[in-house]
Amino acid sequence: MKLAPPPYTVSRTHRSLFLSDLHLGSRRCQAERLLNWLAPVEVEHLYLVGDVVDRWDRTGSDRWPAAHRDVWEELDRRARGGSRLTFVLGNHDGSFPRAWRDRNPELNCKREITHACRDGRRILVTHGDTFDAHLSRRWLGGLGDAAGRLLERTCGLIERGPHPRGVESRLKLLAKSVTGYLQRFERKSLNHARTSGHDGIVCGHVHHPALTERDGLAYMNDGDWVQSCTALTEDEDGTFRLHHAA
Ligand SMILES: [Mn+2]
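Here the structure is a predicted model, which is why all the values come from computation and not from measurement.

Q: Account for the side chain of D93, with residues named and values stated.
A: With respect to the helices and strands, the residue D93 is situated in the loop between β4 (84-88) and α4 (96-103). Despite its burial, D93 remains without a salt bridge, the nearest opposite charge being carried by R111 at 7.0 Å.

Set out below in structure tokens:
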């Protein structure tokens, strides 16, 4: 498998597109940026890698801003024609898949699915919250989706210094802990991919985009649409890329 190094070029037609952690319904969701990025993109395989919605079970879509509903409409439109859409369920999706199925009975929902790459490799696609559960006994394990967000904020704070005595070293310690959490998540993901006979994994959940290869296995995290605003694609020649939306 080819993993493209940054800077990532934007191509408008891709074989596959992986999006996760949209958190529609949450004020943090960057729905307009997603709509803008998605508009010119055409894909054959579209994977929603979990946490498409947030708090669906409490509010439904009744109080969603128009842009959030537009995202759902756009995804549903693509599911009905043009793209083969697979909804890989996340820990926030609740009964949303059932509501979507009510309007589109053809919707394909899975916990895990194997994506057959153009170059013949088999990639496991799963949200990733199950790897988090293995870590949850540690104090940092409960961070879940917030880990990437916290890491970005902490690094931003360190960069913005100077800080009062002692603050910077505490911030660095926190950044190191979150980094450790992300590394454990990556290790768990890759172990699962290996033991289930895959050549790599695509997941989300930690809101921290990544595109790396370790011991011959690909670890790919498509990030989120709350803060990093990233998407993962596979091109016709089998190259995987991460895109950061403007
Ligand atoms: Mn999640």
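Q: Describe the sheet that holds strand β6 (residues 112-116), and please don't skip the residues or the numbers.
A: Strand order in the open sheet made by the five strands is β6-β7-β8-β10-β9, with mixed pairing throughout. Both edges of this open sheet fall to β6 and β9 (210-214), since each of them pairs with a single strand only. Neighbouring strand axes in the sheet, compared pairwise and without regard to direction, differ in orientation by 20° on average. Here strand β7 (residues 122-126) pairs with strand β8 (residues 200-203) via three bridges, running parallel. Along β8, the bridge assignment pairs L124 with I201. Running over the sheet, helix α7 (residues 167-195) touches β6, β7, β8, β9 and β10 (217-221) and is turned about 130° from β10.

Q: Describe the pairing of strand β12 (residues 239-244), with residues and values.
A: Taking burial as the measure, the six residues of β12 include five buried ones, the bulk of the element. Examined bridge by bridge, strand β11 (residues 230-234) and β12 share five bridges and lie antiparallel to one another. Across the sheet, L232 pairs through a bridge with L242, a residue of β12.

What counts and what doesn't
- Residues numbered from 1 in each chain as written.
- Predicted model: local features only at pLDDT ≥ 70, side-chain atom pairs only at ≥ 80, totals over all residues.
- Heavy atoms only, no water.
- Helix = DSSP H or I, 4+ residues; strand = E, 2+ residues; numbered from the N terminus.
- Buried < 20%, exposed > 50% of the residue type's maximum accessible area, 1.4 Å probe, protein only.
- Lys, Arg positive; Asp, Glu negative; His and termini not counted.
- Salt bridge = Lys/Arg side-chain N within 4 Å of Asp/Glu carboxyl O.
- Pairing = 2+ DSSP bridges.
- Axes fitted to C-alpha atoms, helices over the stretch in contact; angles between N-to-C directions.
- Contact = heavy atoms within 4.5 Å.

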